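Tertiary structure, described
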Amino acid sequence: MSHDNISDDKLPEAHDASEGHGHLAVADDPFADPGLPAHEPRRTDIDERAAKRAERQVSGMFILSMLATVGFIASYASINPDKLVYIFPLGHVSALNFALGMTLAVALFCIGAGAVHWARTLMSDVEMPAERHPIEADDEVRADVIQQFKTGAAESGFGRRKMIRNTLIGSMAMVPLSGVVLLRDLGPLPEKKLDSTDWSEATPSAPIRLVNMNTDEPMKAEDIVVGSLTFAKPGPSALRPNGLQDSDEDFQEAIAKDALMLIRIQPEDLKDEKSAALGFEGVLCYSKICTHVGCPISLYEQQTHHALCPCHQSTFDLSDGARVIFGPAGHPLPQLKISTDSDGYLVATQDFTVPVGPSFWERSA
Amino acid sequence: MKKLSARRRHPLAALVVLLFALAITGGLYAAFAPAEKAQADSSAQSLAIEQGKRLFAVGCSSCHGLNGEGTPSGPSLVGVGSAAVDFQVGTGRMPAQQPGAQIPKKKNIYSQSDIDQMAAFVASLGPGPVTPTSEQYTSTETDAIAKGGDLFRTNCAQCHNFAGAGGALTQGKYAPSLDGVSAKHIFEAMQTGPQSMPQFPESTMPEKQKQEIVAFVRYQADEAPNPGGLTLGSLGPVTEGLFGWIFGLGVLIAVAIWVAAHTTKAKKS
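So, here is what we can say about the structure in this document. Predicted, not measured: the structure shown is a model, and the values here were computed from it.

**Overview of the packing of helix α5 (residues 81–90) of chain B against helix α10 (residues 183–192) of chain B**
The description of two packed helices rests on the angle between their axes and on the distance between the axes. Residue and element names in this part refer to chain B. It is at 9 Å that the axes of α5 and α10 come closest, and there the two elements cross at 125 degrees. In terms of axis orientation, α5 runs oblique to α10. In the packing of α5 onto α10, the handedness of the crossing is left-handed. Facing A83, A84, D86, F87 and G90 of α5, the residues of α10 in contact are K184, H185, E188, A189, Q191 and T192. Per-class residue counts for the contact of α5 with α10 are 4 nonpolar, 4 polar and 3 charged.

Here is the structure:
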């Protein structure tokens, strides 16, 4: 704070004895209202060069914020997400994560720091006591408030110091661009795409086999033992002669709707006849996609037959038609009707009867 | 005695009396409690089942029945196989310290030969998964970790967390952390499906894939890089939120105090 020290001759001679700047308590009147201490000027109040320097500093911070926002967008566009770099206290970290975090932090911090520096060095800091008064405001007070607002605006130097005003507006306008860049990934509305899955290709005459996600092999009912959990995807169909493969261009989009989980429950443990009829000899096949916000849900407890979602703890009772027994999910998990083909492999002959996954604007059921 | 009675109203007197009482109770319990550790010498392999039955009678039969047939407090062990015994006893889950939503992992009190004998006895009750050998759970493939990561994310990550840090289930049950679990026990858990965990039998997950998962879990626990910087236990929003509230907000408050405490008034030089 040494730059705040200033020689005696530059300090104003006398402080104006304005209202509210009271007197210290003295021996004969120990309870005198001390009021506010005498106002002391800041260096920027009395030295125009210091004020200019502070103005440049504030603008500099706002400009730095703008540069950081540009840096954020540039990093988002240019850095390979797979790149790892070594940064001392953190170890091997993703270059993209680090760059996005640092630039956004600098962009926001510089706006805050610039605003604080501006308020502390350039805005008026004359102490002004406000007397208590009735809550209702008459016309005179309102006029006074408007006048004060104008005075405040004038004192902040918003009109006079155009460089600060323009750079502040610039930095505030550019920060939301970071959000817009990220929101771009949310993409267009789903429309009809969520109403049907790849299982809709299955018909009684052309069934689709259920293929084990781990081994890429079709499964028989006896492969699914009681207490096990198996994940499945669509096998060969007219549309996909090789079945759904990781290498398919639309794999992520397809598996987000087609993924299945297969369990087997002892017949005496099944509580819902309709659900049991959709299965095959106690093997039940449910959508793996949570009906709340679409997380892959497969925390299956083999003893209670509860399946829960790791995101918001929606809990489904798979022995009772995947009824929701806890949590925010609005629908039971859709169940896929399964049977076996002539070779004994598990197949689907129709699509889910309700859309899989979370509610969406155009959802029909 | 006078010294003692003079201090009986000392604020810490109650604490001292309590500590004495706890020490005496604990000492008496240690002296008179039945020893849980059964002594058995590991003799010839042909006697393993008989020895195992004796160990079983002491350590396991109160819940699982004298012949492993099951009781209301413990399930039947017919057909669980030797792998289940090796996992449950080897990780200290059995004998259970108390009934509850989930039997936690604790210090194992049996030697490996004791466990093998009990496993031999339980395996004799009915066919089930056999304790794996190290060739069964050690992969020699060079791409095992990558393939195992894929399989882990499909089959295990939902409960055990993307980094194997574990997670919560319903009503007090939980998926334990996989950090520090031996390759054999990971393999056995997949084979047998202990407690709430589903099993992943040979028919839907071949041995080779289990090896790959084991390789990935060991890699994840021992040497995986960390793209996000601080892991905070890899637990996700819980520790991240705590860190944000305490350190993030703490720093903001400290800065606000620092800003307000420093005057910008011009001083006389």
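**Some thoughts on a negative patch on the surface**
On the surface, A:E136, A:D138, A:E140 and A:D144 cluster together into a patch of negative charge. Residue position: A:E140 is located in helix α4 (residues 139–156).

**What about the pairing of strand β2 (residues 84–87) of chain A?**
The two faces of the sheet receive side chains in turn, since in a regular strand these alternate between them. All names here are of chain A. The pairing of β2 with strand β3 (residues 91–94) spans 4 bridges and is classified as antiparallel. Pairing of V85 across the sheet is with V93, part of β3. In this structure, the hairpin formed by β2 and β3 is closed by a connection of 3 residues.

**Observations regarding the nonpolar core**
Grouped together as the largest cluster of nonpolar side chains are 36 residues, with contacts concentrated most on A:M261, A:F316, A:L318, A:L333, B:F152 and B:I213. Residue assignment for this core shows that the elements contributing at least two residues are β6 (260–264) and β7 (283–287) of chain A together with α8 (144–155), α10 and α11 (207–222) of chain B. With near-sequence residues (within four places) excluded, B:F152 lies in contact with B:A157, B:H160, B:N161, B:F162, B:G164, B:L178, B:I213, B:F216 and B:V217. If you look at the next biggest cluster of nonpolar residues, it comprises 18 residues, including A:A202, A:I224, A:V283 and A:L346.

**So, the sheet that holds strand β11 (residues 323–326) of chain A**
Strand-to-strand pairing in sheets goes through backbone hydrogen bonds, with the strands running parallel or antiparallel. Residues and elements named next belong to chain A. Taken in spatial order, the 4 strands line up as β8-β9-β10-β11 in an open sheet, and their pairing is antiparallel. Of all strands in the sheet, those with a lone pairing partner are β8 (299–301) and β11, marking the two edges. In this sheet, adjacent strand axes meet at a mean angle of 30 degrees when their direction is disregarded. Here strand β9 (residues 306–308) runs beside strand β10 (residues 315–317); their pairing, made up of 3 bridges, is antiparallel. Directly across from A307, in β10, lies its bridge partner F316.

**Re the sheet that holds β7(A)**
Residue and element names in this part refer to chain A. Spatially, 6 strands are ordered β7-β6-β5-β4-β13-β12 in an open sheet, and the strand pairing comes out antiparallel. Among the strands making up the open sheet, the edge pair consists of β7 and β12 (338–340). Recorded for the sheet is a direction-independent mean angle of 45 degrees between the axes of neighbouring strands. Pairing analysis gives 5 bridges linking β6 to β7, with the strands arranged antiparallel. Bridge pairing links L262 to C285 in β7.

**Overview of unusual backbone geometry**
B:P95 follows B:M94 through a cis peptide bond whose omega is -5 degrees. Relative to the assigned elements, B:P95 resides in the loop between α5 and α6 (112–123). The phi dihedral of A:A322 falls on the positive side, at around 55 degrees, and the residue is not glycine. Mapped onto the elements, A:A322 comes out in the loop between β10 and β11.

**What about the state of the cysteines?**
Residue and element names in this part refer to chain A. Enumeration over the complete set of coordinates arrives at 1 disulfide over all chains. Of the cysteine sulfurs around C290, a residue in no disulfide, the closest is that of C309, at 3.8 Å. On the basis of relative accessible area, C290 is assigned to the buried category, the value being 1%.

**Some remarks on the interface of chain A and chain B**
When the parts come together, some accessible area is lost, and that loss is often what is quoted as the size of the interface. With 49 residues of chain A at the contact, the number on the chain B side is 38 residues. Counting the surface lost from both chain A and chain B, the interface buries some 3500 Å², and carbon and sulfur atoms represent 53% of this. Looking only at chain A, the three residues that lose the most surface to chain B are A:R120, A:N214 and A:E301, adding up to 17% of its buried area. Taking the shortest distance from any N to any O, the salt bridge between B:K173 and A:E301 comes out at 3.3 Å. At the boundary of chain A with chain B, the tally comes to 16 residue pairs in polar contact (both at pLDDT 80 or more). Looking at the side of chain A that touches chain B, the elements that each hand over two or more residues are β1 (5–6), β3, α3 (95–121), β5 (230–234), β8 and β9 of chain A. Residues that form the side of chain A that touches chain B fall into these classes: 19 nonpolar, 18 polar and 12 charged.

Rules used in this analysis
Residues numbered from 1 in each chain as written. Chains lettered and ligands numbered in written order. Predicted model: local features only at pLDDT ≥ 70, side-chain atom pairs only at ≥ 80, totals over all residues. Heavy atoms only, no water. Axes fitted to C-alpha atoms, helices over the stretch in contact; angles between N-to-C directions. Helix = DSSP H or I, 4+ residues; strand = E, 2+ residues; numbered from the N terminus. Parallel < 35°, antiparallel > 145°, perpendicular 65-115°, else oblique. Left-handed = near helix turned anticlockwise from the far one by under 90°. Contact = heavy atoms within 4.5 Å. Nonpolar A, V, L, I, M, F, W, Y, C, P; charged D, E, K, R; others polar. Patch = residues over 30% accessible without salt bridge, like charges linked within 9 Å, V, L, I, M, F, W, Y side chains within 5 Å. Areas by Shrake-Rupley, 256 points an atom, 1.4 Å probe, with all protein chains shown as cover. Salt bridge = Lys/Arg side-chain N within 4 Å of Asp/Glu carboxyl O. Lys, Arg positive; Asp, Glu negative; His and termini not counted. Charge placed at Lys NZ, Arg CZ, Asp CG, Glu CD. Pairing = 2+ DSSP bridges. Core = buried A, V, L, I, M, F, W, Y, C linked by side-chain atoms within 4.5 Å. Buried < 20%, exposed > 50% of the residue type's maximum accessible area, 1.4 Å probe, protein only. Disulfide = S-S within 2.5 Å. Buried area = accessible area lost by both parts, 1.4 Å probe. Polar contact = N/O pair within 3.5 Å; in protein donor to acceptor, adjacent residues only side chain to side chain.

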